[in-house]
Amino acid sequence: MEIIAIKHVLWAQDMDRAVAFWRDAFGLSVRFGDAAWTELAAGEHTVALHGGHDGGRVVSGLSIEVDDMAAAQQALLAAGGRVVHGPERRPGEPIILAGVVDTEGNEFKLTQYVGE
């Protein structure tokens, strides 16, 4: 058996709004999609959006590492996302960490590796 791909699935109340958020905030491109299911590409990685969500907040487990936390946070806010906490550097951890939410209520983490 060979794993072909691993996809991270998020929920979408409004597919067009969700696609616009991920495109505008992080530069993801649409592989294919419709109102029920859309797959977005980030290099070899896939974020899939499943339609029909009620818009309530969902902790997704998704974590995106960026090279510039300030720029990522600015892009996220400009695209309609929200910052829940941070960014902060916790003692003993080599990252800056922020908790954020997309336009559909999916909570995820933004990280930036800053070394020891």
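Above this text sits the structure in question.
Since this is a predicted model, take the numbers as computed values, not measurements.

Q: Please clarify how the nonpolar core should be interpreted in this entry.
A: Nonpolar side chains tend to gather and get buried jointly when the protein is soluble and globular. By size, the foremost hydrophobic cluster in this structure holds 23 residues, and its most contacted members are Phe21, Trp22, Leu49, Ile64, Phe108 and Leu110. When contributions to this core are tallied by element, the ones reaching two or more residues are strand E1 (7–12), helix H1 (15–26), strand E4 (45–51), strand E5 (58–65), helix H2 (69–78), strand E7 (95–101) and strand E8 (106–113). If one sorts the elements of this core by residue count, H1 sits on top with six residues. When neighbours within four sequence positions are excluded, isoleucine 64 is seen to be in contact with Trp22, Phe26, Phe108, Lys109, Leu110 and Thr111.

Q: For this particular structure, what's the right way to read H1?
A: Since one α-helical turn is 3.6 residues long, residues separated by three or four positions face the same way. The end-to-end C-alpha distance of H1, which contains twelve residues, comes to 16 Å, matching closely the 16 Å that a straight helix rising 1.5 Å per residue would cover. Inspection of H1 places Met15, Ala18, Val19, Phe21, Trp22 and Ala25 among the buried residues, and these make up the whole buried set. For H1, the buried positions fall inside an angular range of 155° around the axis, keeping them on one side. The N-cap residue of H1 is aspartate 14: its side-chain oxygen and the backbone nitrogen of aspartate 16 are 3.1 Å apart. Just downstream of H1 lies glycine 27, where phi reads positive at about 75°.

Q: When you look at the layout of surface pockets in this model, what are you seeing that I'm missing?
A: The gaps of empty space that remain are located by a probe, the size of a water molecule, rolled over the atoms. Approximately 240 Å³ is the volume attributed to the largest pocket. Ala42, His45, Val47, Leu62 and Ile64 are the residues nearest the centre of the largest pocket, which is lined by 13 residues in total. Looking at the lining of the largest pocket, the elements that each hand over two or more residues are E1, H1, E4 and E5. Broken down by class, the residue content of the lining of the largest pocket amounts to eight nonpolar, four polar and one charged.

Q: How do you make sense of H2 when you look at a structure like this?
A: Burial in H2 covers these residues: Met69, Ala72, Gln73 and Leu76. The arc that holds the buried residues of H2, viewed along the axis, is 100°, so those residues lie on one side. Opposite the buried face of H2, at more than 90 degrees from it, the exposed residues are Ala70, Gln74 and Ala78. Structurally, H2 contributes buried residues whose contacts are with H1, strand E6 (82–89), E7 and E8. Between the side-chain oxygen at the start of H2 and the backbone nitrogen of alanine 70 there is a gap of 3.2 Å, and the oxygen is on aspartate 68.

Each value, and the rule that gives it
Residues numbered from 1 in each chain as written. Predicted model: local features only at pLDDT ≥ 70, side-chain atom pairs only at ≥ 80, totals over all residues. Heavy atoms only, no water. Core = buried A, V, L, I, M, F, W, Y, C linked by side-chain atoms within 4.5 Å. Buried < 20%, exposed > 50% of the residue type's maximum accessible area, 1.4 Å probe, protein only. Helix = DSSP H or I, 4+ residues; strand = E, 2+ residues; numbered from the N terminus. Contact = heavy atoms within 4.5 Å. Expected span 1.5 Å × (residues − 1). Arc of directions from axis to C-beta. Polar contact = N/O pair within 3.5 Å; in protein donor to acceptor, adjacent residues only side chain to side chain. 1 Å grid on protein atoms, 1.4 Å probe; cavity = no way out; pocket = protein on both sides within 12 Å on 5 of 7 lines; lining within 4 Å. Points joined across faces, edges and corners; volume = space filled by probe spheres on them. Nonpolar A, V, L, I, M, F, W, Y, C, P; charged D, E, K, R; others polar.

Interpretation note: all reported values are geometric properties and have no functional meaning in isolation.
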